[in-house]
Amino acid sequence: MGGQLEEKQDRQISIRRSIKQYFIATLILCLIAPGAANAEDLKPETIAAFNRYVQLTEAQIDAELARREPFLWIESLPENRREAVYQELRDGKVVIERLETLDDGKKISVPGGLIHHWIGTIFVPGATLAQVVAFEQDYDNQLQYFQPDVMRSKIMQHNGSDFVVDIRFYKKKIITTVLDTTHEVHYEPVDATHEWSRSHTTRVQEVEDAGEPHEKLKREGRDNGFLWRMNTYWRFEEKDGGTYIESQSISLTRDIPTGLGWMIGPYVNSVPRESLTFTLDHTRSAILQRIGATGSHQISRNKTPG
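Residues numbered from 1 in each chain as written. Predicted model: local features only at pLDDT ≥ 70, side-chain atom pairs only at ≥ 80, totals over all residues. Heavy atoms only, no water.

Here we take up the overall build of the chain. The helix and strand tally for the chain stands at seven helices and nine strands. Buried residues in the chain amount to 44% of all 306 residues. Taking all contacts inside the chain whose residues are at least 6 apart in sequence as the whole, residues at least 24 apart take part in 66%. Per element, the accessible surface of the chain, about 16000 Å² overall, is 52% carbon and sulfur. (Helix = DSSP H or I, 4+ residues; strand = E, 2+ residues; numbered from the N terminus. Buried < 20%, exposed > 50% of the residue type's maximum accessible area, 1.4 Å probe, protein only. Contact = heavy atoms within 4.5 Å. Areas by Shrake-Rupley, 256 points an atom, 1.4 Å probe, with all protein chains shown as cover.)

What follows is the structure, encoded as structure tokens:
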């Protein structure tokens, strides 16, 4: 009898979830219908607010890198939490948390847009700093490791520690979005066990009818606003017999219409978090796969004691 009751409750929950997803999808489709998106074109004041947010955040990042200690975000946590997080990382989990940069203690207003700011960390056991950075810079082969989120990736320019990379992203959550993006990436070695990098989008264009012979790029800032800007800030530290990888992501999307935040808000805010989690989780798996092919004797020889 109890099993039948639980099965009935599960069906009711599933039905309610399906109805909610249908309702969200209907709302989103209404928002992106022809004519609706024009009301939410990327505005100068939106970009100005995002640039201010990035300026303040990068000032904090530069100050942290100048101090050197702590190098990773998790190293600044209270001791009891820090130890718990390190254990999660050693267990192969992605540790992720939302951040917010304030302007003189006040929240930064972003008219017409939303800023999503997340930080995540993974630990890759047995991997050296050199192996991790080599993987990160192998942009031409990202498709191999990051499907379906990455449809293609190509290095357009490479000069020393600087890269210009074109990436086509794919995201399906209720609706499907395909974006063509260009990123300028800079790497900065610190010493034998520390390195950082940062990436800025210089182009984000939504692809209409992606994969079809008649596909076309929408004009920048005149689209559905699923992604207008994305910056990422990476830190790599080799210790404890492997390498820690930290990624901080700041992205800009269109705002949620007044009164619909309770319904659409969780959906909109979940996408950047899920994307960062996906990237870090697949990065860890891909690097482990790569170094596994080199043989355990080489990994142990390159390992740095904790």
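Resuming the write-up.
Turning our attention to the layout of surface pockets. Computed from the structure, the second largest pocket encloses a volume of approximately 230 Å³. If you list the elements that add at least two residues to the lining of the second largest pocket, you get helix 2 (44-67), strand 2 (113-125) and strand 9 (242-254). With five residues, helix 2 is the largest single contributor of residues to the lining of the second largest pocket. Of the residues assigned to the lining of the second largest pocket, the class counts are seven nonpolar, six polar and five charged. (1 Å grid on protein atoms, 1.4 Å probe; cavity = no way out; pocket = protein on both sides within 12 Å on 5 of 7 lines; lining within 4 Å. Points joined across faces, edges and corners; volume = space filled by probe spheres on them. Nonpolar A, V, L, I, M, F, W, Y, C, P; charged D, E, K, R; others polar.)

With that settled, consider the pairing of strand 3 (residues 150-159). In this structure, strand 3 lies alongside strand 4 (residues 162-173), joined through eight bridges in antiparallel fashion. In the sheet register, lysine 154 faces strand 4, and the bridge partner there is aspartate 166. In this structure, the hairpin formed by strand 3 and strand 4 is closed by a connection of two residues, where glycine 160 is found at a positive phi of approximately 65°. (Pairing = 2+ DSSP bridges.)

This next bit is on the pattern of salt bridges. Using the criterion set out here, one finds 17 salt bridges in the structure. The residue arginine 81 makes a salt bridge to glutamate 97 at a minimum N-O spacing of 2.5 Å. Placement of arginine 81 in helix 3 (residues 79-90) and of glutamate 97 in strand 1 (residues 95-98) is noted, with a sequence separation of 16 residues between them. Among the residues examined, arginine 81 registers a relative accessible area of 35% and is labelled partly exposed. Here arginine 290 makes a salt bridge to aspartate 138, at a shortest N to O gap of 2.3 Å. With a gap of 152 residues between them, arginine 290 in helix 6 (residues 261-292) and aspartate 138 in the loop between helix 4 (129-136) and helix 5 (142-145) connect regions that are remote in the sequence. On the basis of relative accessible area, aspartate 138 is assigned to the buried category, the value being 18%. Among the charged side chains, a network of salt bridges with common partners joins Arg152, Arg168, Asp180 and Glu215. (Salt bridge = Lys/Arg side-chain N within 4 Å of Asp/Glu carboxyl O.)

Here we come to the pairing of strand 8 (residues 229-239). Counting buried residues in strand 8 gives ten out of eleven residues, a clear majority hidden from the surface. Across eleven bridges, the pairing between strand 8 and strand 9 is antiparallel. Counterpart to tyrosine 233 in the pairing with strand 9 is glutamine 248. The turn linking strand 8 back onto strand 9 is made up of two residues, and aspartate 240 within it adopts a positive phi angle of 60°.

Let us now look at helix 2. Think of an α-helix as turning once every 3.6 residues; residues three or four places apart then point the same way. The terminal C-alpha atoms of helix 2, which comprises 24 residues, lie 35 Å apart, in line with the 34 Å expected from a rise of 1.5 Å per residue. Taken as a whole, helix 2 has its buried residues at Thr46, Ile47, Ala49, Phe50, Tyr53, Val54, Leu56, Thr57, Glu58, Ile61 and Leu65. If you follow the buried residues of helix 2, they end up packed against strand 2, strand 6 (194-208), strand 8 and strand 9. Where helix 2 ends, the next residue or the one after it, arginine 68, has phi of about 75°, a positive value. (Expected span 1.5 Å × (residues − 1).)

The relative placement of two aromatic rings is captured by the distance of their centres and the angle of their planes. The final tally for this structure, using the stated rule, is seven aromatic pairs. Measuring from ring centre to ring centre gives 5.8 Å for phenylalanine 163 and tyrosine 187, while their planes differ by 75°; the resulting arrangement is edge-to-face. Taken together, the residues span a long stretch of sequence, with phenylalanine 163 in strand 4 and tyrosine 187 in strand 5 (residues 175-191) at a distance of 24 residues. Note on accessibility: phenylalanine 163 and tyrosine 187 belong to one class, buried. (Phe/Tyr/Trp six-rings, centres within 6.5 Å; stacked < 30°, edge-to-face > 60°.)

Within the fold, isoleucine 250 resides in strand 9. Taking the C-alpha atoms as reference, isoleucine 250 lies 9.7 Å from histidine 200; in sequence the two are 50 residues apart. Those residues in contact with isoleucine 250 that sit more than four places away from it in its chain are Phe50, Tyr53, Thr57, Ile115, His116, His117, Arg229, Met230, Asn231 and Tyr233.

Helix 4 sits mainly inside the fold: six of its eight residues count as buried. All of the buried residues in helix 4 are Leu129, Gln131, Val132, Val133, Phe135 and Glu136.

Moving on, we come to the confidence of the model for the chain. In this model, the chain carries an average pLDDT of 84, and 77% of its residues clear a pLDDT of 70 or more. Segment residues 258-265: pLDDT under 50, and 13 contacts once partners within four positions in sequence are set aside and those in other chains are kept. (pLDDT = per-residue confidence, 0-100.)

Now for the nonpolar core. Within the largest apolar cluster, 29 residues are counted, with the highest numbers of intra-cluster contacts made by Ile74, Leu89, Ile115, Tyr244 and Leu252. With eight residues, the top contributor of residues to this core is helix 2. Dropping the residues within four chain positions of it, isoleucine 74 is found in contact with Arg82, Val85, Tyr86, Leu89, Thr121, Tyr244 and Glu246. Counting 27 residues, the second-largest nonpolar core is a separate cluster that includes Val124, Val133, Ile245 and Phe278. (Core = buried A, V, L, I, M, F, W, Y, C linked by side-chain atoms within 4.5 Å.)

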